[in-house]
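# Structure at a glance
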Amino acid sequence: MGIDKSKALIDHAKNQKKRKNITNIDFSCEELGVDYKHSDTYDFSMASLFFHVIPTSEAVYLMNKMREISSQMIFCGFSCPDTMQHKLVIWLDQKFSGHYRNFVAYQKFGYLEGIMEKIQCSNVKTYTTYIPFIKIYMVN
Ligand SMILES: C[S@@+](CC[C@H](N)C(=O)[O-])C[C@H]1O[C@@H](n2cnc3c(N)ncnc32)[C@H](O)[C@@H]1O
């Protein structure tokens, strides 16, 4: 099940699914937030470049929700930059994004690691990507 609040993106995903004759994926256009209720369970749940665009209270709620409904979570997102140059690149990327205020709160919260710490994630494996300040985390 793939979820995004953007109808254009969900329509695109649905078209790709049809074009490639894929039958084991569904897509749903929904706005996720603290009123999100979902009771189905999954082997994996995944959030990619998502938690920095929403308010941190919602990020904490939704990460907890993912843990509740899945055995393993995979996150891809901004991690604390190591250098001033990387910090500047992220700032430039986010400043004109439309969710800058949420990004600043995410930064103050300690990036993705801060949210994982808040919900007391243990057994976290971290993988680097070719972008130094974007990491992938697998949580059991
Ligand atoms: C930075 S993009 C990441 C897109 C994609 N997941 C990726 O990894 O490339 C953030 C996405 O989150 C979606 N989004 C933002 N707030 C949302 C919400 N409250 N519920 C569902 N989707 C949301 C936006 O429509 C956008 O497509």
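Quick notes on the rules
Each chain carries its own residue numbering, running from 1 in the direction its sequence is written. Confidence filtering applies because this is a predicted model: local features only for residues at pLDDT of at least 70, side-chain atom pairs given and counted only at 80 or more, and all residues used for totals across whole chains, interfaces and linings. Note on definitions: a residue is near a molecule or strand provided its C-beta atom, placed from the backbone, lies within 6 Å of it. All residues other than Ala, Val, Leu, Ile, Met, Phe, Trp, Tyr, Cys, Pro, Asp, Glu, Lys and Arg, Gly among them, are scored as polar; the first ten of these are nonpolar and the last four charged. Domain start and stop positions are those given by an automatic or database domain assignment. Per the convention used, a helix needs a DSSP run of H or I reaching at least four residues, while a strand needs a run of E reaching at least two, with both numbered from the N terminus. Any helix carries an expected span of 1.5 Å times its number of residues minus one. Counting other C-beta atoms within 10 Å of its own, a residue is labelled buried from 20 upward, exposed at 12 or fewer, and partly exposed in the gap between, with every C-beta atom placed from the backbone. The arc under discussion is defined with respect to the helix axis, by the directions toward the C-beta atoms. A residue pair is marked as a contact if its C-beta atoms, positioned from the backbone, fall within 7 Å. What makes two strands pair is DSSP finding at least two bridges between them. Axis definition: a line fitted to C-alpha atoms, over the contacting stretch in the case of helices. Angles run 0 to 180 degrees between N-to-C directions.

### Comments concerning the site of the ligand
For the ligand, the set of nearby residues contains 13 residues, the closest of which are Lys5, Ser6, Leu32, Ser48 and Leu49. In terms of residue class, the shell around the ligand is made up of seven nonpolar, three polar and three charged. Each of domain 1 (1-31) and domain 2 (32-139) gives at least three residues to the shell around the ligand.

### So, helix α2 (residues 56-69)
Between the first and last C-alpha of α2 there are 20 Å, a value that for 14 residues agrees with the 20 Å anticipated at 1.5 Å per step. Within α2, the full set of buried residues consists of Ala59, Leu62, Met63 and Met66. Projected onto a plane normal to the axis of α2, the buried residues spread over an arc of 105 degrees and lie on a single side. Residues of α2 that are exposed and point over 90 degrees away from its buried face: Ser57 and Glu68. Where α2 is buried, its residues meet β3 (42-48), β4 (70-78) and α5 (111-118).

### A short note on the sheet that holds β4
Strand pairing within a sheet occurs via backbone hydrogen bonds; the two strands may be parallel or antiparallel. Ordered in space as β3-β4-β6-β5, the four strands form an open sheet in which the pairing is mixed. In the strand order of this sheet, the two ends are held by β3 and β5 (124-128), each with one partner. The average undirected angle you get between the axes of adjacent strands in this sheet is 15 degrees. As judged from the six bridges shared by β3 and β4, these two strands associate in the parallel manner. Its bridge partner being in β4, Ser45 is matched across the sheet by Met73. Contacts from α5 reach β4, β5 and β6 (134-139), with the element oriented near 150 degrees to β4.

So yeah, pure geometry; function would need other evidence.
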